[in-house]
Each structure stands twice: as C-alpha cells, then as structure tokens.
Amino acid sequence: MSSLSKKIGLIAGNGKFPLLVLDAARAQGLEVVVVAIKEEAFPQVEDKGAASVHWVSLGELSKLIETFQREGVRRAIMAGQVKHKQIFSAIRPDWRLAKILLSLTTRNTDSLLDAVAKVLAEEGITLESSTSLLEPLLVKTGVLTRRAPTEQERKNIDYGRAVARRLAHYDIGQTVVIAESACVAVEAMEGTDAAIERAGHIMGSLRGDASTLSRALIVVKIAKPDQDMRFDVPVIGLRTIEVMQAAGATCLALDAGKCLLLDGEKVLDAANVAGIAVVADAA
C-alpha cells in the first residue's frame, strides 16, 4: 500500500461517530488527517492519535480543502452530524460555501452535502462511505433485543414506516414517533432525540387516564430512498434509548444495514434493561 493510499482525511462533526471512525482507521494502519468542525466536533478528537488535527469553522470550506491538499489527502470520510439548523445560524460562509448556498434550490441536507462533495471532487478529494470502516456496527436484520415487538407495536411500526417513507422523499427527517397508528411527532431540523422528547411531552400533556387507546410510543427511524452512505447516515446511541425511556417509548424500528449503533451492544443492553424492543427490517 502506497503512502498516499494509506492517508485518509476525516471531516469530524459532532457525536461519537468521528471518534469511532478514527479508531477504526488507525486500527487498519491508516494515517488520519482530521479537519474538525469547531461548532460541532468533540474535543476528544485531539486525543485519538490522528496524524494531525485542524480546527475549522463551519463556514470555512476553502480552508478545509486547502488543509487536505496541503496534507496530501486525496480521499476523505465525513462522519458526525452537522446540525441542519446551523445553515441558519451566525456562521460566516467563505466564498466557496456562499456560492453553494446561493446555488441551492432547496436547502435540505442532501442538497447541501451533495454540493459540497462535488466541490471536493473537483479539488481532487473523493468522499467515501462514512460506514466503510464500521461495517460491524451496522444493524442486522431481525429482532435485536430479548423482547420482540408485540402485535400492536408491529401495527404501529408498519404505519410508521409508511409515513416515514413518504417524508423521506422530501428529506425532512428520518424519524417518526407513533402512538396507536397516529403520528405524534416528525423529525425535522431538531434531530431524532429532540423529536422523541417532543412526542413524550405531547403525550404527557394529555388529560385523564388512557382508556381504550395506549399512549405508548413507537419510534421508527429509516434510511432515505437511495441513502447516500457518504454522509447523513442514520445513527442510534445510548442517549436515544435514554430519551425513549423518559418519553414512554416502548419500541424502536430501524432499517437493517443502513443504521449504525454508535455504542454497539451497549445500546441493545440498555434497551433490554428498559424493556424496549429493537427490531431491524430490510429497507
């Protein structure tokens, strides 16, 4: 393997995802050059043995490109969320990013990241699948917890998948929260955990005791149609299970092979303790 092919860039957003990618890349003998997003990345990225770590602001696309070119990076991975709402925050886009933002007809995640990927490619930097180094963490098909979904939970999952599939075409969000075949919350810019919390607040605000209708929530998180595995991959971590338990959610449905368990088996262990069923079906 040439020294060039052993070098890989990592664009690090928030969460544990970039840290896992960095560990996996180093375990495979790769030299990792990290460009960490100041507004998003965890400071722990400095402690993972990367060849170098460079901090850039969210609006500094030119600096990101120049850093990779100076370091001899020709292929890169984008890992970790950059919150969609940051597009509307107080960032100061450089001329490259400003040009992209002005060119977009829709400012959703897919459109923005696809445009960034094309600019990187024009500069000789190829974005690769963000899960290419983490295949073991992709969920497998079947019931993943000790408890399988009940018949009622399965009905809610089927309904939730139908709703989520339609919404995914518009790149609004990848998660819906269902109760008794009614959509309680849809993920938008706030993210998965915030959508689940909102659903919990809605159900908690209802007056009186439930009679014929259960108030238990079902969370369905899917991949988009033709999910681009280079970026914006669905992820679930321990925090999601904690939020589900607090919100009164009893079941989590995922797309097999398209969603990452960031904390591995710890996620399923936590779900088992909480009595939450986790199931993954073919996308």
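Within any chain, residue numbers begin from 1 and follow the written order of that chain's sequence. For this predicted model, a pLDDT threshold of at least 70 governs which residues receive local features, and a threshold of 80 or more governs which side-chain atom pairs are given and counted, while totals over whole chains, interfaces and linings are taken from all residues. Side-chain calculation: all heavy atoms of the structure are included, whereas hydrogens and water are not.

Visitor: Sorry if this is basic, but what is going on with the sheet that holds strand S7 (residues 175-179) here?
Guide: Picture the strands of a sheet paired through backbone hydrogen bonds; they go either parallel or antiparallel. If you trace the six strands from one edge of the open sheet to the other, you get S6-S13-S11-S9-S7-S8, paired in mixed fashion. The open sheet terminates on both sides in strands that have one partner only, identified here as strand S6 (142-143) and strand S8 (182-186). Should DSSP find at least two bridges between two strands, the strands are taken to pair. Helix and strand assignments follow DSSP, with helices taken as H or I runs no shorter than four residues and strands as E runs no shorter than two, numbered in order from the N terminus. Relative to strand S13 (residues 277-282), strand S11 (residues 249-256) is paired through six bridges, and the arrangement is parallel. The residue bridging Cys251 from the neighbouring strand is Ala277, located in S13.

Visitor: What is the right way to look at the pairing of strand S3 (residues 52-56) in this model?
Guide: Note on strand geometry: in a regular strand, side chains alternate between the two faces of the sheet. With a 1.4 Å probe rolled over the protein chains alone, any residue whose accessible area is under 20% of its type maximum counts as buried; one over 50% counts as exposed, and the rest are partly exposed. Residues Ser52, His54 and Val56 point to one face of S3 and are all buried, whereas Val53 and Trp55, pointing to the other face, are not buried. Relative to S3, strand S2 (residues 31-37) runs parallel, the two being bridged by five bridges. When the bridges of S3 are listed, Val35 appears paired with His54.

Visitor: I would appreciate a short explanation of empty space enclosed by the protein in the present structure.
Guide: Space left empty within the atom packing is revealed by a probe, the size of a water molecule, rolled over the atoms. Detection works on a 1 Å grid of protein atoms alone, calling trapped sets that fit a 1.4 Å probe cavities and calling open sets with protein on both sides within 12 Å along at least five of seven lines pockets, with lining residues defined by an atom within 4 Å of a point. Grid points are joined across faces, edges and corners, and a volume is the space filled by probe spheres set on the points. Tallied over the entire structure, the rule returns one cavity of 30 Å³ or more. Its boundaries defined by the atoms lining it, the largest cavity holds a volume of some 30 Å³. Ile8, Gly9, Leu10, Val21, Leu22, Ala25, Val32, Ile77 and Leu133 together form the lining of the largest cavity. Mapped onto the lining of the largest cavity, the elements with two or more residues apiece are strand S1 (7-12) and helix H1 (17-27). Classifying every residue of the lining of the largest cavity gives eight nonpolar, one polar and no charged. Gly falls in the polar group here, along with every residue not listed as nonpolar (Ala, Val, Leu, Ile, Met, Phe, Trp, Tyr, Cys, Pro) or charged (Asp, Glu, Lys, Arg).

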